[in-house]
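Residue-level listing of the chains:
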Amino acid sequence: MKINHSYWPRGATTFFLAFFTLTILDAALPALADSPSDLLEQGIYSEETKGDIDAAVLLYQKVIAQAKEDQAVAAQAQYHLGACYYKKQDYTNANAAFEEVVKDYPDQTNLVARARKYLAGANTVLLQPAPWTDGEVMRLDVNLAGGLKVGFVEYTVNAGETNGQNVWKFASHMEAAGNQSVSHVVVDAATLNPLSSVWKHTLLGEVFAVYYPDHVELVTTGKDETNKLEFEGSVIDNEEAVEWMRCVPFADGYKNSQQVLTTLGDHVVTTKYEVTGPEQVQVPAGTYEAYKVVLNIGQTFWYSSDPKHYLVKFEAGGAVAELTGVTGRTPGERTSYTDPTFGFSLSAPPGWLFDKDDSGKVDRAGVNIIDPQGLATSSLLVMRKSSLNDQETNSVRKAMEAGAVEQAKMFKDFKIRPDSWKEFTLAGNPAASVVCDYTDGKTPAVSYHTWGFDSSNSVHFDVYVHASDFDAFHPKIDAVINSYQTK
């Protein structure tokens, strides 16, 4: 709102009389405080004409504080306050100001629509071009604070197309302390706005999400209903955040915030972050100059300062993950694993992963076998026969029966399926397998074991899976087991 003060003198006498009268009034009356409308006009003048953004911010803040009775004036001040912060590149306060327009002044439809455009376009304005390449794979070891490895996490990026729209497909797979988390997120290639996602966690469950401009529809496995969660402004999926942060402006002191939807948690969190650095960070993959990104939710990430902005390290929940390497993988490419010390190899279909389980013992080698859906806990343990007693090496079946006795002490309702015993050859050497049932908490579960011997080693494949998934999973894990080869 602008107020125009105009004087139209008919002659010099009138002008001087008016000036004299005003001077007397100014001297005789106490100074009157500017009204909210006057302050708003002064703020707009400072912002748009003088370019004094700091002065305009102070004026708009006064208007908001004083214009309780005039919502139209207060809404304009709130909107202009957001625009000023935006011009100052203080996007955290800018987004907060625009969100206040939407929340506190819903009747001011024109300003609400303009504020929403700012909020909806936040990603497009702020994000830098994607630094990754199609097929990129980043792998990090997950360690406790003391350095003990407890798992790994792998992030992959693939280009794609959905209904004629160019997309990026982000996938992650984390295995730590026996728990798994698997996610797949499809995002618009230009804006990184999420289109759909699936996130499964061993303990928390599985949820599918489909995104729309102002809401997301969530379907949780085991529940029939669809949950509709509304939001305003720019939102990203929690499971794309690692890649999304690679596109923020990396500059010392840069601050911002972003709404993040945690689909398993079924809520939107406004996450603030600050960039500092660069600094030197040493990880298994090498020494990197990296920027540190500190989140207000107790998590810290380090990204390399080179154009690729690899995730070098992160700390969260008492664990530390460090980059072990960056590779490329063609969609449809099989996964392979080789242990040169013990002389064995494995292969698996696309999407499966292998992770070395380093016990630090020279007489054994362990490998975690990770299926794409995170259905099972599967592993291979190869041990030197010289480390075993004669009873354990005389007969595969006897060794497995002895192992079953020990398992019965650890698992509830543990029973061997009598008709499940099979004897065969594995890599040309004698082997046997057996299926067992037990209860995991309240859930029926299956353990599936394949053991064998070669000239130097004993070979133990152990699989643990929910009973409802076993029949479908059985032939898939058998294909991996049967890929076992020795020199």
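For the structure itself, consult the block above.
Small disclaimer: the values here were computed from a predicted structure and weren't measured. Note on numbering: residues in each chain are counted from 1, in written sequence order. The model is predicted, so local features are restricted to residues of pLDDT at least 70 and side-chain atom pairs to those at 80 or more, both for listing and for counting; the totals for chains, interfaces and linings are taken over all residues. Side-chain descriptors were evaluated using all non-hydrogen atoms of the structure, hydrogens and water having been removed beforehand.

**A few points about the overall build of the protein chain**
Point 1. Assigned secondary structure in the protein chain consists of 11 helices and 26 strands.
Point 2. Each residue gets one of three labels from its accessible area relative to the maximum for its type: buried under 20%, exposed over 50%, partly exposed in between, using a 1.4 Å probe on protein chains only. Across the 487 residues in the protein chain, those meeting the buried criterion constitute 44%.
Point 3. Note on contacts: a residue pair is in contact if any heavy atoms of the two residues lie within 4.5 Å. Once local pairs closer than 6 in sequence are excluded, the contacts in the protein chain between residues at least 24 apart make up 47%.
Point 4. Here the open area of atoms and residues is found with the Shrake-Rupley method and a 1.4 Å probe, where only the protein chains shown may cover a residue. A total of about 25,200 Å² of accessible surface is found on the protein chain, and carbon and sulfur atoms cover 52% of it. Numbering goes from the N terminus for both helices and strands, where a helix is a DSSP run of H or I of at least four residues and a strand is a run of E of at least two.

**Thoughts on the environment of Y310**
Point 1. Inspection of the secondary structure assignment puts Y310 in the loop between β13 (300-304) and β14 (311-316).
Point 2. In this structure the C-alpha to C-alpha distance between Y310 and E243, which are 67 residues apart in sequence, comes to 8.9 Å.
Point 3. Dropping the residues within four chain positions of it, Y310 is found in contact with E136, M138, R246, W302, Y303, S304, L323 and V326.

**Thoughts on the pairing of strand β22 (residues 422-426)**
Point 1. At least two DSSP bridges between two strands are needed for those strands to be called paired. As judged from the 5 bridges shared by β22 and strand β23 (residues 429-440), these two strands associate in the antiparallel manner. Bridge pairing in β23 places T425 opposite P430.
Point 2. Linking β22 to β23, which pair antiparallel, is a turn of 2 residues; within it A427 sits at a positive phi near 55°.

**Some remarks on empty space enclosed by the protein**
Point 1. Space inside and on the surface of the protein is sampled on a 1 Å grid over the protein atoms alone, with a cavity defined as a set of points where a 1.4 Å probe fits but cannot get out and a pocket as an open set with protein on both sides within 12 Å along at least 5 of 7 lines; lining residues have an atom within 4 Å of a point. Grid points are joined across faces, edges and corners, and a volume is the space filled by probe spheres set on the points. Inspection of the entire model under this criterion finds 1 cavity of 30 Å³ or more.
Point 2. The computed volume of the largest cavity comes to approximately 30 Å³.
Point 3. Every residue lining the largest cavity is listed: Y155, F170, A171, S172, E239, E240, V242 and E243.
Point 4. Here the lining of the largest cavity gets 3 residues from one element, more than from any other, and that element is strand β3 (residues 165-176).
Point 5. Residue polarity follows a fixed list, in which Ala, Val, Leu, Ile, Met, Phe, Trp, Tyr, Cys and Pro are nonpolar, Asp, Glu, Lys and Arg are charged, and the others, Gly among them, are polar. Per-class residue counts for the lining of the largest cavity are 4 nonpolar, 1 polar and 3 charged.

**What to know about the nonpolar core**
Point 1. Here, the term nonpolar core denotes a set of buried Ala, Val, Leu, Ile, Met, Phe, Trp, Tyr and Cys residues that are joined through side-chain atoms within 4.5 Å. L192, V293, F301 and L311 are the most contacted members of the largest nonpolar core, which has 44 residues in total.
Point 2. Once residues within four sequence positions are removed from consideration, L311 is found in contact with M138, L140, Y155, V242, F301, W302, Y303 and L323.

**Digging into unusual backbone geometry**
Point 1. Of note, the bond from G277 into P278 is cis; its omega dihedral lies within 30 degrees of zero at 10°.
Point 2. Relative to the elements of secondary structure, P278 occurs in strand β11 (residues 267-283).
Point 3. Despite not being glycine, L192 has its phi angle at roughly 65°, a positive value.
Point 4. Topologically, L192 is positioned in the loop between β4 (179-188) and β5 (194-201).
Point 5. Phi at D413 takes a positive value of approximately 60°, unusual for a residue other than glycine.
Point 6. Considering the arrangement of structural elements, one finds D413 in strand β21 (residues 412-416).
Point 7. By relative accessible area, which is 47% here, D413 ends up partly exposed.

**Side note on the layout of surface pockets**
Point 1. Within this model, the largest pocket holds a volume of roughly 1,100 Å³.
Point 2. In terms of residue count, the dominant contributor to the lining of the largest pocket is β11 (4 residues).

**Remarks on the pairing of strand β2 (residues 149-162)**
Point 1. In this structure, strand β1 (residues 136-144) lies alongside β2, joined through 7 bridges in antiparallel fashion. Bridge pairing in β2 links V137 to T156.
Point 2. Taking the residues that link successive antiparallel strands as the turn, the β1-β2 hairpin has 4 residues, and the phi of G147 there is positive, at about 105°.
Point 3. As paired strands, β2 and β3 are joined by 12 bridges and run antiparallel to one another. When the bridges of β3 are listed, T162 appears paired with Q165.
Point 4. The turn linking β2 back onto β3 is made up of 2 residues, and N163 within it adopts a positive phi angle of 50°.

**Overview of the pattern of salt bridges**
Point 1. Salt bridge, as used here: a side-chain nitrogen of Lys or Arg that lies within 4 Å of a carboxyl oxygen of Asp or Glu. Following the criterion strictly, the structure yields 12 salt bridges and no others.
Point 2. A salt bridge links D355 to R139; the shortest N-O distance between them is 3.3 Å. With D355 in strand β18 (residues 353-357) and R139 in strand β1, this residue pair connects regions lying 216 residues apart in the sequence.
Point 3. The exposure class assigned to D355 is buried, which follows from its relative accessible area of 3%.
Point 4. The buried category is assigned to R139, whose relative accessible area is 17%.
Point 5. Across the pair E154 and R329 runs a salt bridge, and its minimum N-O distance is 3.0 Å. Linking E154 in strand β2 with R329 in the loop between β15 (319-328) and β16 (335-339), this pair joins segments that are 175 residues apart in sequence.
Point 6. Note on E154: relative accessible area 4%, which makes it buried.
Point 7. Taking the relative accessible area as the measure of exposure, R329 reaches 25% and is therefore partly exposed.

**Side note on the packing of helix α2 (residues 36-50) against helix α3 (residues 53-66)**
Point 1. Note on geometry: axes are lines fitted to C-alpha atoms, helical ones only across the stretch in contact, with angles between N-to-C directions running from 0 to 180 degrees. Closest axis-to-axis distance for the α2/α3 pair is 8 Å, and the angle between their directions is 160°. It follows that α2 is roughly antiparallel to α3 by the angle criterion. For the pair α2 and α3, the sense of crossing is left-handed. Residues P36, L39, L40, Q42, G43, I44, S46 and E47 of α2 form the contact with α3, whose own contacting residues are I53, A55, A56, L59, Y60, K62, V63 and Q66.
Point 2. Among the residues making up the contact of α2 with α3, the classes are represented as 10 nonpolar, 4 polar and 2 charged. Here is the rule for angles: anything less than 35 degrees is roughly parallel, anything more than 145 is roughly antiparallel, 65 through 115 is roughly perpendicular, and the remaining ranges are oblique. Should the near helix be turned anticlockwise from the far one by less than a right angle, the crossing is left-handed, and should it be turned clockwise, the crossing is right-handed.

**Considering the packing of aromatic side chains**
Within a pair of aromatic rings, the relevant descriptors are the distance that separates the centres and the angle that separates the planes.
Point 1. Note on ring pairs: Phe, Tyr and Trp rings are taken, using the six-membered ring of Trp, and paired if centres are within 6.5 Å. Classes follow the plane angle, with under 30 degrees stacked, over 60 edge-to-face and the rest tilted. All chains considered together, the criterion is met by 19 aromatic pairs.
Point 2. With 6.3 Å between their ring centres and 45° between their planes, Y254 and Y273 make a pair best called tilted. One end of the pair, Y254, is in the loop between α8 (241-244) and β10 (255-262); the other, Y273, is in strand β11, and 19 residues separate them in sequence.
Point 3. Each ring, one from Y337 and one from F354, has its centre 6.1 Å from the other, and the planes form 50°; the classification is tilted. Of the two residues, Y337 is situated in strand β16 and F354 in strand β18; the sequence distance between them amounts to 17 residues.
Point 4. With a relative accessible area of 13%, Y337 lands in the buried category.
Point 5. Given a relative accessible area of 5%, F354 falls into the buried group.
Point 6. Following the ring pairs from residue to residue traces out a cluster consisting of F250, Y291, F301, Y303 and F314.

Remember, this is a structural readout, not a statement about activity or role.
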